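# Summary of structural features
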Amino acid sequence: MDKFLIKGPSKVKGIVNISGSKNAALPILASTILFDKPVILENLPRVKDIDTMINLLKSLGSKIEFFGNKKTVKISKTNKTKYLASYYSVKTMRAGVLVLGPMIAKYHKSITSFPGGCVLNGKSGRPINFHLNALKKLGMKYEIKKGYIFAKSKGKLKGNLIKFPKISVGATENLIMAACFAIGKTVLKNCAIEPEIKDLVNFLRSAGAKIKWVGKRTCEIIGVNSLKETKYSVMGDRIEAGTFCIASTLTKGDLLIKNFNPKIIQTELNFLKKVGAKIDIFKNQIHIKGPKKIKSINNILTKEYPGFPTDLQAQFMVLLCRADGRSTITEKIFQSRFIHVMELQRLGAKINIKNNKAIIEGNRKFIGAELMSSDLRASAALVLAAMAAKDKSIISRVYHIDRGYERIEKKLKKIGVNIRRIS
Ligand code: EPU
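Everything in this summary refers to the structure shown in the same document.

Criteria and cut-off values
Residues numbered from 1 in each chain as written. Predicted model: local features only at pLDDT ≥ 70, side-chain atom pairs only at ≥ 80, totals over all residues. Heavy atoms only, no water. Near = heavy atom within 4 Å. Polar contact = N/O pair within 3.5 Å; in protein donor to acceptor, adjacent residues only side chain to side chain. Areas by Shrake-Rupley, 256 points an atom, 1.4 Å probe, with all protein chains shown as cover. Helix = DSSP H or I, 4+ residues; strand = E, 2+ residues; numbered from the N terminus. Nonpolar A, V, L, I, M, F, W, Y, C, P; charged D, E, K, R; others polar. Pairing = 2+ DSSP bridges. Axes fitted to C-alpha atoms, helices over the stretch in contact; angles between N-to-C directions. 1 Å grid on protein atoms, 1.4 Å probe; cavity = no way out; pocket = protein on both sides within 12 Å on 5 of 7 lines; lining within 4 Å. Points joined across faces, edges and corners; volume = space filled by probe spheres on them. Buried < 20%, exposed > 50% of the residue type's maximum accessible area, 1.4 Å probe, protein only. Contact = heavy atoms within 4.5 Å.

Taken together, 23 residues sit near the ligand, with Asn129, Ser168, Val169, Asp311 and Ile333 positioned nearest. Take Arg94: an N or O atom from its side chain is 2.9 Å from an oxygen atom of the ligand. In this structure, Phe130 approaches the ligand through a main-chain N or O atom, which is 2.8 Å from an oxygen atom. When isolated, the ligand has an accessible area of 830 Å², and the protein chains bury 91% of it. Counting only elements with at least two residues in the shell around the ligand, the list comes to helix H1 (22–31), helix H5 (129–137), helix H6 (169–179) and helix H12 (376–388). Among the elements that make up the shell around the ligand, the one with the highest residue count is H5 (three residues). Residues belonging to the shell around the ligand are distributed by class as follows: nine nonpolar, seven polar and seven charged.

In structure tokens form, the structure reads like this:
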């Protein structure tokens, strides 16, 4: 298993090119199950989760052809369709469950393993009840046996009015995909409106799907019989962009961050300005400089978009450890997404957790240590912390970070970080 060796403290300077968004590419890839005609996707991020989804599509019978730098892929249908998303295909990735909606819509049957993915929610796990209950309302019947969802429908799904009990990114995506072929009209209320969902909708629309937003969180879908050939470029990754913004703010850095839409990280940029970062916003890039002194912040709440993203909570916590006073972060999406705290304490952080609230003491000096990654975003936080620490840190289990950040050590090296991957 690979490790990162990082020698700090670092000061980042230069240009970073943001890769395609993992969380946009995953549902878009899953939705290609709906197509008979070929689809070309550009700006795919070369990360492990994308490989996992591509392998899952292959196992379901799709033909995959990569071009050039493997960021462009052509996905075509073969006559070897399979209906089983096996445990081995989805055990490492939560997004595996996103093939359920398209498979039911297209083939009216599916056997899908319960998905795996980052452990973010302690004992309550990461249920998929919203996906299953909503698909049931479109006419899907299912049984759960031996860790698999055995699902079927009597012919086409039928449009319905569905109000999600709580906002869920994955459930919104699964239902949008399933409703594309449902008879008549489906209205989804209380939808997640993350930019990645808008990207999925834009992709499906480019192929002729009839989807429109009729209110802030209400989406209306009129079923169609088929989707046409399309070519689409995946949006830039807002969480990767946010992580590099934090790197610059944390290390008194000076970064030009390119290839993403700054408008979709307004909330994060406002918080970074509050802690003292100097930010100039352009069309598809931002210039961000870190302050001499980082200011503390009281009560950041992670929330559904357009709120502060849970996927940047761990990274922002590192920044607040170095602020000039006490800060707090309350985690409202995954109540116990704080596994990184124990590892940050090894470097010298002082953080107390009370229920879903982290109380972060500022002015901490970090000294390098041996650290272990526990999940994707937590690993990014450890990399940032090691960059800010004096001396050497070794971070193990970096396969977590490889799931969602493309060649992070190469990008960091280019902006002056002393980082090395060791096997
Ligand atoms: N929930 C349920 N039942 C469900 C679905 C969700 O109780 O059927 C709960 C979850 O346990 C959680 C909340 O609802 O407390 C929100 O979960 P959501 O369904 O929105 O999350 P997700 O679809 O599983 C996606 C991202 C996550 C990101 C969350 C929140 C992908 C592939 N994953 O997960 O990204 O944290 O939305 O924004 O898009 C990551 O990239 O590191 C990552 C974990």
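So much for the structure itself; the text now carries on.
The subject of this paragraph is the sheet that holds strand E20 (residues 351–354). Spatially, four strands are ordered E18-E19-E21-E20 in an open sheet, and the strand pairing comes out mixed. Each edge of the open sheet is held by one strand with a lone partner, namely strand E18 (300–302) and E20. This sheet shows a mean twist of 20 degrees between the axes of neighbouring strands, independent of strand direction.

Bringing empty space enclosed by the protein into the picture now. Using the criterion set out here, one finds four cavities of 30 Å³ or more in the structure. Taken as a whole, the largest cavity spans an internal volume of roughly 140 Å³. Thr32, Ile33, Ser62, Lys77 and Tyr107 are, among the 16 residues lining the largest cavity, the residues nearest its centre. A per-element tally of the lining of the largest cavity places strand E5 (residues 72–77) first, with three residues. The space that makes up the second largest cavity amounts to roughly 40 Å³.

This paragraph deals with the layout of surface pockets. Which parts of space are left empty comes out when a probe the size of a water molecule is rolled across the atoms. Volume-wise, the second largest pocket comes out at about 490 Å³. Of all the elements in the fold, those that place two or more residues in the lining of the second largest pocket are helix H8 (238–250) and H12. Here the residues of the lining of the second largest pocket are counted per class, giving 10 nonpolar, four polar and nine charged.

Turning our attention to the environment of Phe203. Mapped onto the fold, Phe203 is located in helix H7 (residues 195–206). Of the residues examined, Phe203 reaches a relative accessible area of 0% and is grouped as buried. Taking C-alpha positions, Phe203 is 8.5 Å from Lys231, a pair spaced 28 residues apart along the chain. Ignoring any residue separated from it by four or fewer positions in sequence, one finds Phe203 in contact with Ile28, Ser31, Phe35, Val39, Leu41, Thr230 and Tyr232.

The four strands are arranged E22-E23-E1-E24 in an open sheet whose pairing can be described as mixed. The open sheet is flanked by strand E22 (370–372) and strand E24 (418–422), the only strands paired with a single partner. Here the average twist between neighbouring strands, direction ignored, is 20 degrees. For E22 and strand E23 (residues 391–396), the ladder comprises three bridges, and the chain directions are parallel. Counted as the bridge partner of Glu370 is Ile394 from E23. Strand contacts of helix H11 (residues 340–347): E22 and E23, with the helix running at about 175 degrees to E22, the strand carrying the most contacts.

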